[in-house]
Amino acid sequence: MKAQPIRTCLGCGKRFPKNQLMKFVLNNEMVRLESKGTRQGRSAYCCNNKHCLGIFFRQKKKLSRAFRVQDGQISFELKDWE
């Protein structure tokens, strides 16, 4: 049995297997939910609950660090996951 990669939720900071988290990808300065596994680019992970998602989107500094961009260079495309 192959071991599942472990990723950290940027909302709560807990570690989970990759397939249990939502993946967000930075592409052309736009953060989008990655649902099909086809988008490439820097990515960040978050639990699939409102509390963690709220923290995830409020912590601009953590997002900037995860996506390796300067503060203020990130915008969100929320229609993908609402």
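Residues numbered from 1 in each chain as written. Predicted model: local features only at pLDDT ≥ 70, side-chain atom pairs only at ≥ 80, totals over all residues. Heavy atoms only, no water.

## Digging into the overall build of the chain
Definition in use: Strands here mean DSSP runs of E at least two residues long; helices mean DSSP runs of H or I at least four residues long; both are numbered from the N terminus. Each residue is assigned to one of three classes by its accessible area relative to the maximum for its type, calculated with a 1.4 Å probe on protein chains only: buried under 20%, partly exposed between the two thresholds, exposed over 50%. Only heavy atoms enter the contact rule, under which two residues are in contact if any of them lie within 4.5 Å. Computed by Shrake-Rupley with a 1.4 Å probe, the accessible areas treat only the displayed protein chains as cover when residues are assessed.
The secondary structure content of the chain amounts to two helices and six strands. For the chain, with 82 residues in total, the buried portion stands at 33%. A separation of at least 24 residues holds for 45% of the contacts in the chain among residues at least 6 apart in sequence. Looking at the chain as shown, the accessible area adds up to about 5800 Å², and 47% of this sits on carbon and sulfur atoms.

## Here's the deal with the packing of aromatic side chains
We apply this condition: Here the aromatic set is Phe, Tyr and Trp, taking the six-membered ring for Trp, and pairing holds for ring centres within 6.5 Å; pairs whose planes are under 30 degrees apart are stacked, those over 60 apart are edge-to-face, and all others are tilted.
What the rule picks out here adds up to three aromatic pairs. When the centroid spacing of 5.7 Å and the interplanar angle of 85 degrees are considered together, the rings of F24 and F57 count as edge-to-face. Of this pair, F24 sits in strand β3 (residues 22-27) while F57 sits in helix α1 (residues 50-58), and the two are 33 residues apart along the sequence. Residue class for F57 comes out buried when judged on its relative accessible area of 15%. Taken together, a centroid distance of 5.1 Å and an interplanar angle of 85 degrees make the contact between F56 and F57 edge-to-face. An aromatic cluster is defined as three or more aromatic residues linked by ring pairs; in this entry it consists of F24, F56 and F57.

## What about the nonpolar core?
Soluble globular proteins tend to bury their nonpolar side chains together. Applied cut-off: Put simply, a nonpolar core is a bunch of buried Ala, Val, Leu, Ile, Met, Phe, Trp, Tyr and Cys residues held in one set by side-chain atoms that sit within 4.5 Å of each other.
Ranked by size, the top nonpolar core spans 19 residues in total, and within it F24, C46, F56 and F67 carry the most contacts. The leading source of residues in this core is α1, at four residues.

## Here's the deal with the environment of Q59
For Q59, the position within the fold is in the loop between α1 and α2 (60-67). As a C-alpha pair, Q59 and L10 span 49 residues in sequence and 8.6 Å in three-dimensional space.

## What to know about the state of the cysteines
Put simply, the test is: Here, two cysteine sulfur atoms that lie within 2.5 Å of each other are counted as a disulfide.
Going through the model one piece at a time under the given rule, you end up with zero disulfides. C47 supplies the cysteine sulfur nearest to C9, a cysteine that is in no disulfide, at a spacing of 3.4 Å. Summary of cysteine pairing: C52 is not part of a disulfide, and the nearest cysteine sulfur, belonging to C12, is at 3.8 Å.

## Some remarks on the environment of R42
Mapped onto the secondary structure, R42 falls in strand β5 (residues 42-46). Put simply, R42 and A66 are 24 residues apart on the chain and 7.7 Å apart in space, counted from C-alpha to C-alpha. Those residues within four positions of R42 in sequence are excluded, and the remaining contacts are F24, V25, L26, A66, F67 and R68.

## Side note on the confidence of the model for the chain
The test is simple: Values of pLDDT, which run from 0 to 100, indicate the predictor's confidence residue by residue.
Here the chain averages 80 in pLDDT, and 79% of its residues register 70 or above. Looking over the chain, one finds the lowest element-wise mean pLDDT in strand β6 (residues 75-76), namely 62, and the highest in strand β2 (residues 15-17), namely 95.

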